[in-house]
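# Report on the structure
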Amino acid sequence: NSNKAVGNVLVSAANEGEAGEILSLAQSRRCVKATQINSESSRGHLLFTIHFQVKSTNSKGINRYGKLHVVDLAGGERINKSGSHGGALLEEAKHINMSLTTLSNVIEKLQNKESHIPYLDSKLTYLLQNSLGGDSKTAAIICCSPLSAHFNESLSSLRFAAKVSRVELKAEHNFSY
């Protein structure tokens, strides 16, 4: 499947400490490179997913299942500012920008309640499809720079977060008996 995540690892954690260790491992495996505007520019997105089950202790025997995606999106790059004019940096920038554009398009189509949502157009939207539409809750946390030199990037991030917050999702209960 072309939508399989690069570097995808499935591991189990029995407690909070183990989950923290796994997240630290994921962060250490993340690819970063220097560009003209960022000495540690992320060259891809980080997706950390926690599947959990809460078992009932009462007589009804209701179990609850859930999934939490924590996604750190690599920022979109303006090629002229970042200096990613050729080679691997340019290819990475193209993939990052295309992935963010696809995510934005999916969110827009969800807002417009269109019948076809193009989740399969990118690895990111494919992996997040059950969290972007339907039975889920989505929140965006963004990082903005107060420097006027980064105004356009910060404004773009704020607009993206506003778009995410306007998606209407229908959170339901996930029970099994």
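Residues numbered from 1 in each chain as written. Predicted model: local features only at pLDDT ≥ 70, side-chain atom pairs only at ≥ 80, totals over all residues. Heavy atoms only, no water.

A few words on empty space enclosed by the protein. Following the criterion strictly, the structure yields one cavity of 30 Å³ or more and no others. Approximately 30 Å³ is the volume attributed to the largest cavity. Forming the boundary of the largest cavity are Ile107, Leu110, Leu132, Thr138, Val164 and Val167. Of the residues assigned to the lining of the largest cavity, the class counts are five nonpolar, one polar and no charged. (1 Å grid on protein atoms, 1.4 Å probe; cavity = no way out; pocket = protein on both sides within 12 Å on 5 of 7 lines; lining within 4 Å. Points joined across faces, edges and corners; volume = space filled by probe spheres on them. Nonpolar A, V, L, I, M, F, W, Y, C, P; charged D, E, K, R; others polar.)

Let us look at the environment of Arg29. Note that Arg29 resides in helix 1 (residues 16–29). A relative accessible area of 48% places Arg29 in the partly exposed class. Taking the C-alpha atoms as reference points, Arg29 and Leu46, separated by 17 residues in sequence, lie 9.7 Å from one another. (Helix = DSSP H or I, 4+ residues; strand = E, 2+ residues; numbered from the N terminus. Buried < 20%, exposed > 50% of the residue type's maximum accessible area, 1.4 Å probe, protein only.)

On to the nonpolar core, then. In terms of nonpolar packing, the biggest core is built from 11 residues, these being Leu103, Val106, Ile107, Leu110, Ile117, Tyr119, Leu124, Leu128, Leu132, Val164 and Val167. Among the secondary structure elements, those contributing two or more residues to this core are helix 3 (87–111) and helix 4 (123–132). The element that contributes the greatest number of residues to this core is helix 3, accounting for four residues. Sequence-distant contacts of Leu103, that is, excluding residues within four places in its chain, are made with Leu73, Leu124, Thr125, Leu132 and Phe160. (Core = buried A, V, L, I, M, F, W, Y, C linked by side-chain atoms within 4.5 Å. Contact = heavy atoms within 4.5 Å.)

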